[in-house]
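Here is how the chains run, residue by residue.
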Amino acid sequence: MMVLSYSANAQDNPYELPDPLKMEDGRTVRTKRQWIKERRPELMEMLRSQMFGREPGQAPDLHFAVLEESPEAFGGLATRKQVKISFDKEEKYYLTLLMYIPNDRKGPVPAFLGANFKGNHATTTDPYVMLPPPDKVATFAPGYQIEERNTNGHRWEYEYILKHGYAVATFCYNDVDPDFHDGFHNGVHKLMDGDKPRNGESWATISAWAWGLSRCLDFLETQKEIDAKKVAVIGHSRLGKTSLWAGATDQRFALVISNDSGCSGAAIARRKHGETLEVINRNFPHWFCDNYKAYNGREEKMPWDQHELIAMIAPRPVYVASASEDDWADPVGEYFSLVGAASVYNLFGYEGITDRNVPEIEHPVVVGRMGHHIRRGEHNVRLYDWQQYISFADRFLK
């Protein structure tokens, strides 16, 4: 174990974190090959069996259909595509991807990909973005009501992103798996699992959302306008947890961004600060596999912690962002996951964030392939966040 102390809050005691470079048999990882061939698979097995569950393979009949396309989005700034990504032959299980591609481009462009909470139409003022069809809305949750257009537009700075040379794509997370617990009879679990009985390692909802992100990347790989080797996966809150897991399980993602992901995302679980495992597993029992519940109130017994989820992204660039008023998501704990993962980035020859003094508000830090900031304000995504993400992505995707 390695002792990680910090200077952020005097009332918080130092805690011990598992060394990401220490094998279960006690050997120390000393080479990139040893990390890739031995330690990373060991950690992946741990996270699959004890936290996220075992995601399935490819969809049984993955196929795509462009539902609508126009080069006149945002006054001609971008081409809008709305795409049905179906997982089965009958197209009973599908998501609708909204994509904007900058028209001012000389070749394939990098892209940001992330799920949204309230529907594609709720991310924009664009009047041509489709509302979710009634058959989908009926599955989302009992009594679900369609949100107003642009309800969450402040989280998706489309025009800013496009003007900086990036495409951006999103889908409603409910399309893949509705965010309520019905015993995993809805969403893609029904398609992929059939009537197979569940066990403690069965994949849960966050794993399903991450699986959906990978299916979107499958589609982006077919698009000549997109440089699919330069796709950043991004997520906020529970979808920040999702983007980290997507980045860990699918190494095609070139860059990974966690925005206010908190407990079971970027924040160190052993701190037990703000939201805790027990709170999450009690209020959202469908997010993680059943084995994860064994650590309720016993975070120190976990054979891993969230810095090792960050380490799974190495050597690809990773950015962790927090908000000053978001104590529930534990900004300090989020920062220290980067510090805890730095040794793995060092193994690949890159510097990492190692300063144990938490940065001041709105003083972004980029070291090697790690980035971090704490934005002033509440649990949200704002233009300030996107400004940092674009600046970070410019270093690696252009």
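This text follows the structure it describes.
Residues numbered from 1 in each chain as written. Predicted model: local features only at pLDDT ≥ 70, side-chain atom pairs only at ≥ 80, totals over all residues. Heavy atoms only, no water.

Enquirer: Please explain the layout of surface pockets as it appears in this structure.
Expert: Unfilled space is identified by rolling a water-sized probe across the atoms. The calculated volume of the largest pocket comes to roughly 270 Å³. Lys92, Tyr93, Lys136, Thr139 and Gly187 are, among the 17 residues lining the largest pocket, the residues nearest its centre. Going through the elements one at a time, helix H2 (134-140) and helix H4 (187-193) are the ones with two or more residues in the lining of the largest pocket. Of the volumes computed, that of the second largest pocket is approximately 220 Å³. What lines the second largest pocket is a set of 15 residues, among which Ser237, Arg238, Glu275, Trp328 and His379 lie closest to the centre. (1 Å grid on protein atoms, 1.4 Å probe; cavity = no way out; pocket = protein on both sides within 12 Å on 5 of 7 lines; lining within 4 Å. Points joined across faces, edges and corners; volume = space filled by probe spheres on them. Helix = DSSP H or I, 4+ residues; strand = E, 2+ residues; numbered from the N terminus.)

Enquirer: Help me understand the nonpolar core, please; the structure alone is not making it clear to me.
Expert: Proteins that are soluble and globular tend to have nonpolar side chains buried together. Ranked by internal contacts, the top residues of the largest apolar core, which has 88 residues, are Trp35, Leu97, Leu113 and Ile226. Ala78, Tyr158, Leu255 and Tyr389 belong to the second-largest nonpolar core, a separate cluster that totals 26 residues. (Core = buried A, V, L, I, M, F, W, Y, C linked by side-chain atoms within 4.5 Å. Buried < 20%, exposed > 50% of the residue type's maximum accessible area, 1.4 Å probe, protein only.)

Enquirer: Would you explain empty space enclosed by the protein in this entry?
Expert: What the rule picks out here adds up to 2 cavities of 30 Å³ or more. If you trace the largest cavity, you find it lined by Ala115, Asn116, Phe117, Asn152, Arg155, Trp156, Ile234, Gly235, His236, Leu239, Val381 and Trp386. At the level of elements, strand S6 (109-116) and strand S8 (226-236) are the ones that each hand at least two residues to the lining of the largest cavity. The element contributing the most residues to the lining of the largest cavity is S8, with 3 residues.

Enquirer: How should I be thinking about the pairing of strand S3 (residues 63-73) in this particular structure?
Expert: Successive side chains on a regular strand alternate, one facing one side of the sheet and the next facing the other. The pairing of S3 with strand S4 (residues 78-86) spans 8 bridges and is antiparallel. By the bridge assignment for S4, Glu69 is matched with Lys81. In this structure, the hairpin formed by S3 and S4 is closed by a connection of 4 residues, where Phe74 is found at a positive phi of approximately 50°. (Pairing = 2+ DSSP bridges.)

Enquirer: Explain the side chain of His372 to me, please; I cannot follow it from the model alone.
Expert: Looking at the secondary structure, you find His372 in strand S12 (residues 370-375). Apart from residues no more than four positions distant in its own chain, His372 is found in contact with Tyr319, Val320, Ser322, Tyr335, Leu338, Ile353, Pro359, Pro364 and Val365. (Contact = heavy atoms within 4.5 Å.)

Enquirer: How do you make sense of the state of the cysteines when you look at a structure like this?
Expert: Each disulfide consists of one covalent bond between the sulfur atoms belonging to two cysteines. Per the counting criterion, the structure on display carries 0 disulfides. Sulfur of Cys172: no disulfide; nearest cysteine sulfur belongs to Cys216 and is 12 Å away. Looking at Cys216, the relative accessible area reads 0%, which means it is buried. (Disulfide = S-S within 2.5 Å.)

Enquirer: What exactly am I supposed to notice about the sheet that holds strand S9 (residues 255-259) here?
Expert: Hydrogen bonds between backbone groups are what pair the strands of a sheet, and the pairing can be parallel or antiparallel. Reading across the sheet, the 10 strands line up as S3-S4-S5-S7-S6-S8-S9-S10-S12-S11 and stay open at both edges, with mixed pairing between neighbours. The open sheet has two edge strands with one neighbour each: S3 and strand S11 (365-367). Averaged over all pairs of adjacent strands, the angle between their axes in this sheet comes to 15°, without regard to strand direction. Taken together, the 9 bridges between S4 and strand S5 (residues 94-102) define a ladder with antiparallel strand orientation. Bridging across to S5, Lys81 finds its partner in Met99. The sheet strands contacting helix H6 (residues 238-249) are S6, S8 and S9, and the helix crosses S8 at an angle near 145°. (Axes fitted to C-alpha atoms, helices over the stretch in contact; angles between N-to-C directions.)

Enquirer: Looking at this structure, I do not really get the environment of Asn186. What am I missing?
Expert: Mapped onto the secondary structure, Asn186 falls in the loop between strand S7 (167-172) and H4. Under the relative-accessibility criterion, Asn186 is labelled buried at 13%. For Asn186 and Lys22, which are 164 residues apart along the polypeptide, the C-alpha to C-alpha distance reads 40 Å. Filtering out sequence-adjacent residues up to four positions away, Asn186 remains in contact with Thr139, Asp177, Pro178 and Phe180.

Enquirer: Can you help me understand the packing of aromatic side chains in this one?
Expert: Working definition: an aromatic ring pair is given by the centre-to-centre distance plus the angle between the planes. Following the criterion strictly, the structure yields 24 aromatic pairs and no others. For the pair Phe288 and Tyr292, a centre-to-centre distance of 4.9 Å together with 55° between the ring planes defines the contact as tilted. One exposure class covers both Phe288 and Tyr292, and it is buried. Chaining the aromatic ring pairs together yields one cluster made of Phe74, Tyr100, Phe112, Trp156, Tyr158, Tyr166, Tyr319, Trp386, Tyr389, Phe392 and Phe396. (Phe/Tyr/Trp six-rings, centres within 6.5 Å; stacked < 30°, edge-to-face > 60°.)

The quantities given are spatial measurements derived from coordinates; they are silent on function.
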